[in-house]
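# Geometric and topological summary
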Amino acid sequence: MTIHREKNDLATRGICALMVLLGSVLMTNKSGAAEQPNVILILADDLGIDHVGFYGVHQDRRPSRTPNLDRLASDWVAFDWAYAFPVCSPTRASILTGRGPITGIENGEHHGVTAALKAADLGTPDEWSLPLDLITLPDVLRPAGYTSVLIGKWHLGQTTGENWRTDRFWDPLLAGFDALRTGSKGGISTYYGPAEYEAYGWGNVFFATHDPNGVHREEYSLSRKIDSAVEFVNAMQNEDLPYFLWLSLHSPHRPYTVPPVHLHRVANPTTRLEKYHAMVEAMDQEIARFLEKVDLSRTTVIFMGDNGTPTAVALDPDEAKASLADGGIHVPLLVAGHSVADGLRGRRISAPVISHDLFATVAEITGAELPAGHQIDGRSFLPLLKTRNAPPTRTEFVVSRVRPNGLRGNYDRVRLAAQNADGFKVHWDVLTGEIEFFDVHGAAYGTDGDPLCNTNCPDGLPLGQRAQFDRLIELLEQEESKIPNSPGTP
Ligand SMILES: [Ca+2]
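Everything numeric here is computed off the predicted structure, so don't read it as measured data. (Residues numbered from 1 in each chain as written. Predicted model: local features only at pLDDT ≥ 70, side-chain atom pairs only at ≥ 80, totals over all residues.)

## Topic: the overall build of the protein
Looking only at helices and strands, one finds 11 helices and 16 strands in the protein. Within the protein, the proportion of its 490 residues that are buried is 53%. Sequence-distant contacts in the protein: of pairs separated by 6 or more residues, those separated by 24 or more amount to 69%. (Helix = DSSP H or I, 4+ residues; strand = E, 2+ residues; numbered from the N terminus. Buried ≥ 20, exposed ≤ 12 C-beta atoms within 10 Å, placed from the backbone. Contact = placed C-beta atoms within 7 Å.)

## Thoughts on the pairing of strand S7 (residues 299-305)
Most of S7 sits out of view: seven of its seven residues are buried. Side chains Thr 299, Val 301, Phe 303 and Gly 305 of S7 all project onto a buried face; the interleaved residues Thr 300, Ile 302 and Met 304 project onto the opposite face, where all are buried too. Where strand S1 (residues 38-44) and S7 come together, seven bridges link them in parallel fashion. Bridging across to S7, Ile 42 finds its partner in Phe 303. Of the strand pairs in this sheet, S7 and strand S9 (residues 333-337) are connected by five bridges, and their pairing is antiparallel. Looking at S9, one finds that Met 304 is bridged to Leu 333. (Pairing = 2+ DSSP bridges.)

## Describing unusual backbone geometry
Generally, phi is negative for residues other than glycine and the peptide bonds are trans, each holding for most cases. Between Ser 251 and the following residue, Pro 252, the backbone shows a cis peptide bond with an omega angle of -5 degrees. Tracing the chain through its elements places Pro 252 in the loop between strand S6 (243-248) and helix H7 (272-291). The residue after Arg 254, namely Pro 255, is reached through a cis peptide bond having omega 10 degrees. Considering the arrangement of structural elements, one finds Pro 255 in the loop between S6 and H7. Of note, the phi angle at Leu 407 is positive, near 55 degrees, even though the residue is not glycine. Within the secondary structure, Leu 407 sits in the loop between strand S12 (396-403) and strand S13 (413-420). Given 21 C-beta atoms within 10 Å, Leu 407 falls into the buried group.

## Some points on the nonpolar core
If you look at the biggest cluster of nonpolar residues, it comprises 130 residues, and the most contacted ones within it are Ile 42, Val 77, Leu 245, Leu 334 and Val 426. Here this core gets eight residues from one element, more than from any other, and that element is H7. Structurally, this core is a two-domain feature, drawing no fewer than three residues from each of domain 1 (10-394) and domain 2 (409-481). Setting aside residues no more than four positions away along its own chain, Ile 42 makes contact with Leu 247, Leu 249, Ile 287, Val 301, Ile 302 and Phe 303. (Core = buried A, V, L, I, M, F, W, Y, C linked by C-beta atoms within 7 Å. Domains from an automatic or database assignment.)

## Here we look at the sheet that holds strand S8 (residues 330-331)
Strand order in this open sheet of three strands is S8-S3-S11, and the pairing throughout is mixed. Each edge of the open sheet is held by one strand with a lone partner, namely S8 and strand S11 (353-354). As judged from the two bridges shared by strand S3 (residues 82-83) and S8, these two strands associate in the antiparallel manner. Of the residues in S8, the one forming a bridge with Tyr 83 is His 330.

## Side note on the packing of helix H6 (residues 221-236) against H7
Contact geometry for H6 and H7: axes closest at 10 Å, N-to-C directions at 15 degrees. In terms of their interaxial angle, H6 and H7 are classed as roughly parallel. For the crossing formed where H6 meets H7, the hand is right-handed. Side by side, H6 and H7 meet where Leu 222, Ser 223, Ile 226, Ala 229 and Val 230 of the first sit next to Ala 282, Met 283, Glu 286, Arg 289 and Phe 290 of the second. For the contact of H6 with H7, a count of residues per class yields seven nonpolar, one polar and two charged. (Axes fitted to C-alpha atoms, helices over the stretch in contact; angles between N-to-C directions. Parallel < 35°, antiparallel > 145°, perpendicular 65-115°, else oblique. Left-handed = near helix turned anticlockwise from the far one by under 90°. Nonpolar A, V, L, I, M, F, W, Y, C, P; charged D, E, K, R; others polar.)

## Examining the sheet that holds strand S16 (residues 453-454)
With antiparallel pairing, the five strands of this open sheet are ordered in space as S12-S13-S14-S15-S16. With one partner strand each, in any of the chains shown, S12 and S16 form the two edges of the open sheet. Pairing of strand S14 (residues 424-429) with strand S15 (residues 434-439) involves six bridges; the strand directions are antiparallel. Bridged to Trp 428 within S15 is Ile 435. Running at roughly 140 degrees to S13, helix H11 (residues 463-481) makes contact with S12, S13, S14 and S15 of the sheet.

The following block contains the structure:
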């Protein structure tokens, strides 16, 4: 399935202000219906459940202060078992396409974003980007009348040509977004000042819609993105055309940097953990500032982390980003607003969900339809927001960690994990053959805990556990069989 997009001209994009861009977009989209809610996805970068207070993962270790998220959890719907991929880019690709990296459910198609695009490679043509022809969430939202806008981190594409300093990279406009504001191609090198704009050597190209004169002020990056989001929401509040806003925060990803003093209460933060505490608290406070401007009667808001907390600051370093251990993939997820039934506010959901479910969920919320025959892995969890005793929308899922990026062979890491709604989970290191079987729900909350068994475990398992193990192994073998040039022997 191929989708054709009009290629926006870089130079034109560079001199257009956002609302000019939006004006042309809105004229070409079909008339939006007033009952179609806006959708805002706030994605935190590198925030696992261990640093979000209300999850209470480590009773003996202090998480970051998140008073606003904690308060929202009592008024929003909070998911206790939400998962993502263990690093940035695969999670973002899964949200945008509704598919896991390996999938291959349709004629061998997959997005193949199996690892984070590297900073050093973001400008070189041999790194792997999200493929240009895949159908994205903004692609399916456009015919439903939606305008899609990205504020913040992208991390899914590099240049399409030879000269990475001047050629166009595989940017969000090529992925279907209608407009961009304050953000960056990948991570940022500093949270203060114009150096952010130089991250990965691509200058102010991405930011041209934010500041066409190229004059950048010294300010805190997080606050600048929140300012952009507030400005956008205010500009759209009198429109009857719906929008999808992806507010893709860089926070609290490294560099671990002390935020402005008015945004946190950490006294003299000096260690990485203390700075991370301050960054999470600042993010929590700035999200609250943004949400004050959002009309939840017309808008559905989703807040999620993109992967687990990094090793340097995780409360358990063995359960951290880049790992398929629970702490590497178990993320906060909160939903509120138009799509949540009144009787479900404050409810905790124990059904498992995974990042590519966001695609299907947002599509259902907005009334967007997939092109005929197009298949995705994600399943809409909207029923869980509408009905108190709705059954789980999925009972199992698979996550992966494969390097190098792109599913092109010569792998140095192929790790898969499958988990079910009962909390049973199998890790498989395909290159070494190591297999471990866990009861995640039975372990300390939010950790894998001790494995029930390893490598030769079926022999010693009780019958019920053995059935669970066998099913998870079956899922893993299916996933592994789809890896091009797979190194494994199922
Ligand atoms: Ca991340």
